[in-house]
There are 2 protein chains.
Amino acid sequence: MKSDDTSVMEMFLGKLERVSDLGEEDRAALLALPYTIRRFGAREDIFSYGEKPAYCCLVLDGWVHRYGIIGDGDRQILLFYIPGDVPDLQHLFLPMLDHTLASITASTLAFIPHRALYGLVERRPRVMAALWRDTLIDTSMYRERVMCLGRRSSIGRTAHFFCEMYLRQELAGLAGDLRCSIPITQGEIADVLGITPVHLNRSLRALRSRQVIDLNGGYLTILDRAALIKTAEFDPTYLHMGADLKSDLISTRKVLVS
Amino acid sequence: MKSDDTSVMEMFLGKLERVSDLGEEDRAALLALPYTIRRFGAREDIFSYGEKPAYCCLVLDGWVHRYGIIGDGDRQILLFYIPGDVPDLQHLFLPMLDHTLASITASTLAFIPHRALYGLVERRPRVMAALWRDTLIDTSMYRERVMCLGRRSSIGRTAHFFCEMYLRQELAGLAGDLRCSIPITQGEIADVLGITPVHLNRSLRALRSRQVIDLNGGYLTILDRAALIKTAEFDPTYLHMGADLKSDLISTRKVLVS
DNA sequence: CGGTCAATTGATCAGTGTCAAGGCAGGTGG
DNA sequence: CCACCTGCCTTGACACTGATCAATTGACCG
C-alpha cells in the first residue's frame with residue numbers, strides 16, 4: 001500500500017521541527033519521502049535481533065517497543081515509542097539489530113526505504129542534523145534509563161516512567177490536562193523498569209494511596225504534579241524538548257533545547 | 001598548544017576505520033583536522049551539565065567517564081571511555097549536556113573544534129556515516145548497560161563489565177593475552193554497575209575465589225575465559241566490532257559488524 | 001612515621017523477588 | 001444470555017540479594 005498523502009510525513013516533520021530548524025526545501029524533501037503503510041497486531045516483532053532492515057519505520061498509531069533478551073530468556077524492555085517516533089532511524093548507519101523492535105499495542109507504521117533517507121542526508125545538511133539529533137535524543141533517553149535503573153528506587157522509577165511518558169505524549173500533541181494513555185500492561189511497565197510485576201503493583205498502590213496518580217482503564221491521571229515530579233526526581237533536560245514548550249506537567253520556563 | 005602532527009588524528013582514524021569504510025580523501029581530511037591538546041588530572045570535570053561545548057574531545061591517554069547526578073547527589077557513572085574514543089561527538093548535534101564528562105585517571109585529550117567537524121560531515125558523506133555510526137555504537141553500549149542494570153545480578157554485571165572493558169581495550173590495541181589495565185577504584189566500578197562498593201567487593205571475591213579473574217594493582221587478568229563469559233552472559237554483538245576482529249577473549253568467528 | 005584513601009570483612013537491615021492464591025473483566029461459545 | 005475461560009491485577013507470606021553501618025587492614029605519600 002503506497003500513498004502520496006503528505007499527512008503521514010507531516011507527523012515526522014512535526015517531531016523534527018520541534019527540536020531542529022529546517023528550510024522550506026528540507027520540509028518539501030521530507031514530505032516527499034516514499035513510504036509504505038503496514039499494520040501490526042499487538043506484540044508482534046517488527047525487526048528482530050540480527051536482522052538488517054532496509055527500511056525505517058515511523059509510528060503512526062499505537063505503541064512500539066524495543067527489547068533485548070538475556071541468557072535464559074529474561075526480557076528487558078529498553079524503550080517505548082509513541083506515534084510520531086521513528087524508532088529505528090539508527091539502523092541507517094548501524095544496520096544490524098542487537099535487540100528486537102516490536103509492537104506493544106496494535107499499531108500502524110509507515111516504512112521509509114533507507115535509500116531515500118541516504119539521499120536526503122547527503123544532500124541536505126539540515127535534514128542530516130535533524131535526523132542525527134533525533135537519534136541522539138534517543139540515546140539521551142537510554143542514559144536516563146541507566147540513571148533510573150542504577151539509582152532510583154522502585155517507586156522513583158515508576159513515577160519517573162509516568163513523567164516521561166506523559167511529557168512525551170504531551171509534546172506529540174497526544175495528551176494534556178495531566179491525563180494520558182498508558183495502553184500497556186503492568187507486566188510491560190515492570191519490564192522496562194527492571195522490576196517484577198508484583199512489585200510494580202505495590203509501587204502503584206503506594207502512588208495511588210498517596211493520591212499522586214490514578215492509573216485505570218489504560219489511562220493515567222496525574223493528581224499531584226509536584227509530588228510526582230519529586231518522587232521521580234524528574235529533570236526533563238534529557239528530553240531536549242525545545243524552548244517554546246508549554247506543558248501541563250512542567251511549569252518552569254527553563255530553556256531546555258539544544 | 002596546537003600541532004600538525006598527524007599521529008594524534010590517526011588514533012581517531014584507526015577507531016573509525018575498524019567499523020566504517022573511508023576513502024583516501026576522507027582519511028586525508030580527518031588527518032588534517034585541527035586540534036588542541038589539553039591535560040587533565042584525575043577526576044576533573046571536562047564539560048559539565050548544562051554546558052554547550054564548542055569542541056569534541058579525543059581521548060589520547062587515560063580513562064574518561066560520563067556521569068549523572070540524581071537528586072540528593074547519588075552519582076551514576078554512565079560509561080567509561082578509553083584512548084581512541086571520542087566521548088562527546090554527540091554534542092555536535094545535541095549541544096547541551098544533560099550530564100557531565102570528566103576524567104577518571106590523569107588524561108590527555110585532543111580538542112577538535114565543532115566547526116571543523118561540521119564542514120567535514122557536510123562535504124564527506126562517508127565521514128558523516130562513520131561519525132554517526134560511532135555515536136550509534138555509543139548508544140548501543142548504553143542499551144547494553146540498561147540490560148545489565150535491569151536484568152543481571154551483581155556478579156553478572158561485574159563479569160560483564162570486565163568482558164566489555166577488556167574487549168574494547170583489545171580492539172583499540174591496548175590489551176591482549178587476557179590481560180588489561182583497569183585503572184580505577186572499586187568505588188568507581190561500583191558506580192557504573194549500580195551497586196555499592198562493599199557489594200562489588202564481594203562479587204570480586206566470588207570471581208576471584210572461583211579462579212575466574214584476578215584484579216590487582218590496576219590490572220585485570222582473565223583466568224577462565226569461558227567461565228567469565230558465561231557468568232556475564234556476554235554477547236559482544238552490541239559492540240559492533242568489525243568482522244575481521246581477532247580476540248583473545250572471543251573466539252567465535254561470528255560476523256559482528258554492521 | 002603518621003595520615004589518607006582504598007580494599008576488605010562482618011553483622012544487620014531494607015527493598016525487592018518469588019511463590020501462591022484469589023478477584024475481576026472482557027471475550028467466546030454454547 | 002449465561003457460563004466459562006483467559007489474561008491481568010491484586011494481595012499475602014516468605015526468601016534472598018544487595019544496602020548500610022562499622023571496624024580493620026593495607027598501600028602509598030609526604
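Each value, and the rule that gives it
Residues numbered from 1 in each chain as written. Chains lettered and ligands numbered in written order. Predicted model: local features only at pLDDT ≥ 70, side-chain atom pairs only at ≥ 80, totals over all residues. Heavy atoms only, no water. Helix = DSSP H or I, 4+ residues; strand = E, 2+ residues; numbered from the N terminus. Rg over C-alpha atoms; globule rule 2.2 N^0.38 Å. Buried < 20%, exposed > 50% of the residue type's maximum accessible area, 1.4 Å probe, protein only. Contact = heavy atoms within 4.5 Å. Lys, Arg positive; Asp, Glu negative; His and termini not counted. Charge placed at Lys NZ, Arg CZ, Asp CG, Glu CD. UniProt positions renumbered as here; feature names shortened; annotations may be inferred. Near = heavy atom within 4 Å. Polar contact = N/O pair within 3.5 Å; in protein donor to acceptor, adjacent residues only side chain to side chain. Salt bridge = Lys/Arg side-chain N within 4 Å of Asp/Glu carboxyl O.

### A word on the overall build of chain A
Link 1 in the chain: Counting its regular elements, chain A contains 8 helices and 10 strands.
Link 2 in the chain: In terms of overall size, chain A behaves like a compact globule, its C-alpha atoms giving a radius of gyration of 18 Å where 258 residues would be expected to give roughly 18 Å.
Link 3 in the chain: By principal-axis analysis of the C-alpha atoms, chain A measures approximately 55 × 45 × 30 Å.
Link 4 in the chain: For chain A, the residues scored as buried account for 61% of the 258 residues in total.
Link 5 in the chain: Long-range contacts, defined as pairs at least 24 residues apart, comprise 72% of the intrachain contacts of chain A with a sequence gap of at least 6.
Link 6 in the chain: Put simply, chain A has 31 plus and 32 minus side-chain charges, and the middle of one group is 4 Å from the middle of the other.

### Quick word on the UniProt feature "domain: HTH crp-type" (unreviewed entry) in chain A
Link 1 in the chain: Using the residue numbers shown here, the UniProt feature "domain: HTH crp-type" (unreviewed entry) corresponds to residues 152-226 of chain A.
Link 2 in the chain: With 55% helix and 15% strand, residues 152-226 of chain A has end C-alpha atoms that lie 18 Å from one another.

### Overview of the protein's contact with DNA strand D
Link 1 in the chain: Around DNA strand D lies a shell of 16 residues, among which Gln186, Asn201 and Arg202 of chain A together with Ser154 and Thr196 of chain B are the nearest.
Link 2 in the chain: Protein-proximal atoms of DNA strand D, defined as those within 4 Å of the protein, fall in sugar or phosphate at a share of 71%.
Link 3 in the chain: Side-chain polar atom of Asn201 of chain A to a phosphate oxygen of DNA strand D: 2.7 Å apart, as the coordinates give it.
Link 4 in the chain: Interatomic distance of 3.3 Å between a side-chain N/O atom of Arg205 of chain A and a phosphate oxygen of DNA strand D.
Link 5 in the chain: Put simply, the parts of the chain that give the surface near DNA strand D at least two residues each are helix H6 (186-193) and helix H7 (197-209) of chain A together with helix H7 (197-209) of chain B.
Link 6 in the chain: For the surface near DNA strand D, the leading source of residues is H7 of chain A, giving 5 residues.

### Quick look at the pattern of salt bridges
Link 1 in the chain: Under the counting rule described, the total for this entry stands at 30 salt bridges over all chains.
Link 2 in the chain: Through salt bridges with shared partners, one network takes in Lys15, Asp85, Asp134, Arg145, Glu164 and Arg168 of chain A.

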